[in-house]
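# Commentary on secondary and tertiary structure
Listed below are the residues making up each chain.
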Amino acid sequence: MTQTARFRRNSSRALLAAGLVASLALATGCAKSEDDNEGSDTSSSSAQNENAGQEVASSGDGKTCDVSAYGGKKLDLKGATVGFSQSEKEANPFRIAETASIKAEAEKRGIKLLTANAQSQFSKQISDVQDLIAKGADLLVIAPLNSDGWEPVLRAAGAKHIPIVTVDRKINATACKDYVSFIGSDFVEQGKRAADQMIEATGGKGTVAILLGAAGNNVTTERTKGFEDQIKAKAPDLKIVFKQTGEFAREKGQQVTEQLIQSKPDISGIYAENDEMGLGAVNALKSAGKKAGAVKIVTVDGTRNAVQGIVDGWISGVIESNPRFGPLAFQTLDSFTKGDKVGQDIVIKDSAYTEANAKTDLDKAF
């Protein structure tokens, strides 16, 4: 797969991908930012990196949405108020980079941004978004913690015809009725690519453990499906013998791996469904006296620490999951609010890190 292409600053061309038709040049100016619950630096280098944006790979099945189909009216995005709901604590590099990207793009476009962080509590995220609506958000960008349970928010937003774009995770609702677009990776494909890296690292033989992500969202389900299906199809001699959730957290990933080492001391490989769990696995292996590379580890995200883990020999490969949603999220909202059609399912391109490119591409990680 080709290296992730990036948005360029002041680009005057919009992205075109199947159903996504974006338009107009980026607006510039000073932003008014109303930061309710977060203190992330909008000038973060990860967000400001000119090569950090996302490129559309496809627009799902080609279905589109526009203002007339969704309901509501056209508006000037620059004069609008956008509410952003972050799902998880700002301890995970993915979430730090995601929030910084949203804030940086709002500032660049001169858009008033209201923010909230659910601190990994779903009930708080629901009340957060309801609060953003009460404070006058004209549009919403949501990074959902869970896929189910969004009915109260969808009713409140629907009553005011507030467009919603979800990023990174999907919600179980109807596109172009309950929300406008989902922007994110092909998580099944990520799982398949992780399996390919694991097969290469292990020679397609031995036993593998899966550190599952948090329950209740499509990312965990689809990354698991992709990995399992690919292993079954391409490496029948590589057996998956252990699966347990690490909740996308480093500490939990370490705890689960400690249990794994005791029950399966000869495990050949570990597939961690995000980098933080993979780094926790590395800590556990180090504490157990294992040598770098003795257990093959493949992860998903593309954080700097995980890519450094490849350089150091502890991690075999990392599938990127680009968190820098700001440019594409606002591009999509800009096109939609002007009356253009946008894709209901906007899939982004993700690159990968291996022993061949980890050292040279380390600065591209977040």
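Residues numbered from 1 in each chain as written. Predicted model: local features only at pLDDT ≥ 70, side-chain atom pairs only at ≥ 80, totals over all residues. Heavy atoms only, no water.

## A word on the overall build of the chain
For clarity, the cut-off: Strands are runs of DSSP state E lasting at least two residues, helices are runs of H or I lasting at least four, and both sets are numbered from the N terminus onward. With a 1.4 Å probe rolled over the protein chains alone, any residue whose accessible area is under 20% of its type maximum counts as buried; one over 50% counts as exposed, and the rest are partly exposed. Working rule for contacts: check all heavy atoms of both residues, and any pair within 4.5 Å makes them a contact. In this description, accessible areas are obtained by the Shrake-Rupley approach with a 1.4 Å probe, and a residue is regarded as covered only by the protein chains that are shown.
If you tally the helices and strands in the chain, you get 11 helices and 18 strands. In the chain, buried positions account for 55% of the 366 residues. Sequence separation of 24 or more characterises 79% of the internal contacts of the chain that already satisfy a separation of 6 or more. Only carbon and sulfur atoms are counted for the fraction: they give 47% of the accessible area of the chain, which is about 14,600 Å².

## Describing the state of the cysteines
Heads up, the condition is: Any pair of cysteine sulfurs within 2.5 Å is marked as a disulfide.
Applying the stated criterion to the full structure yields one disulfide. Each sulfur in the disulfide pair Cys65 and Cys176 lies 2.1 Å from the other. Linking Cys65 and Cys176, the disulfide has an S-S dihedral of approximately 80° and is accordingly described as right-handed. A residue pair is termed long-range when its members are at least 10 positions apart, and Cys65 in strand β5 (residues 64-65) and Cys176 in the loop between β9 (164-167) and β10 (181-184) qualify at 111 residues. The exposure class assigned to Cys65 is buried, which follows from its relative accessible area of 2%.

## A look at the environment of Ala134
When you line up the elements, Ala134 lands in helix α4 (residues 122-134). Take Ala134: its relative accessible area is 63%, and that puts it in the exposed class. Separated by 22 residues in sequence, Ala134 and Ala156 have C-alpha atoms that sit 9.4 Å apart.

## Description of unusual backbone geometry
Residue His161 is not a glycine yet carries a positive backbone phi of 55°. Its location among the elements puts His161 in the loop between α5 (151-159) and β9. Non-glycine residue Cys176 carries a positive phi angle of around 65°.

## Some points on α4
Inclusion rule: Helices are assigned an expected span. That span is 1.5 Å times one less than the residue count. To be clear, the arc concerns the directions from the helix axis to the C-beta atoms.
Taking 1.5 Å of rise per residue, the 13 residues of α4 would be expected to cover 18 Å, and the 19 Å separating its terminal C-alpha atoms lies within 8% of that figure. Every buried residue of α4 is listed here: Phe122, Gln125, Ile126, Asp128, Val129, Leu132 and Ile133. Axial view of α4: buried residues confined to an arc of 160°, hence all on one face. Turned more than 90 degrees from where α4 packs its buried face, Ser123 and Ala134 sit exposed. Those residues of α4 that are buried lie in contact with β6 (81-86), β7 (112-117), β8 (139-142) and α5. One or two residues past the end of α4 sits Gly136, with phi positive at roughly 105°.

## Focus: the sheet that holds strand β13 (residues 269-272)
What counts, and what does not: Here, any two strands with at least 2 DSSP bridges between them count as paired. Every angle, taken between N-to-C directions, lies between 0 and 180 degrees, and every axis is a line fitted to C-alpha atoms, over only the stretch in contact when it is a helix.
Judged by pairing direction, the sheet is mixed, and its six strands sit side by side in the order β12-β11-β13-β14-β15-β18 without closing on themselves. Each having just a single partner strand, β12 (238-245) and β18 (352-353) make up the two edges of the open sheet. Summarising the sheet, strand β11 (residues 206-212) and β13 pair through four bridges and their orientation is parallel. Bridging across to β13, Val208 finds its partner in Gly269. Contacts from helix α9 (residues 275-287) reach β11, β13, β14 (296-301) and β15 (317-320), with the element oriented near 155° to β14.

## Notes on the confidence of the model for the chain
For clarity, the cut-off: Residue-level confidence of the predictor, termed pLDDT, takes values from 0 up to 100.
For the chain, the average pLDDT comes to 88, and 85% of its residues sit at 70 or higher. Mean pLDDT across the secondary structure elements of the chain bottoms out at strand β3 (residues 33-35), with 33, and peaks at β13, with 99. This model gives residues 1-51 a pLDDT under 50, and the stretch forms 143 contacts once residues within four places in sequence are excluded.

## Let's talk about the packing of helix α6 (residues 187-202) against helix α7 (residues 218-234)
Stated formally: For this classification, under 35 degrees means roughly parallel, over 145 means roughly antiparallel, 65 to 115 means roughly perpendicular, and everything else is oblique. Note on convention: the crossing is left-handed when the near helix lies turned anticlockwise from the far helix by less than a right angle, right-handed when the turn is clockwise.
At a minimum axis separation of 7 Å, α6 and α7 run at an interaxial angle of 40°. Comparing the axis directions of α6 and α7 gives the class oblique. With respect to the hand of their crossing, α6 and α7 are arranged in right-handed fashion. Together, Phe187, Val188, Gln190, Gly191, Lys192, Ala194, Ala195, Asp196, Met198 and Ile199 of α6 and Asn218, Val219, Glu222, Arg223, Gly226, Phe227, Gln230, Ile231 and Lys234 of α7 make up the contact between the two elements.

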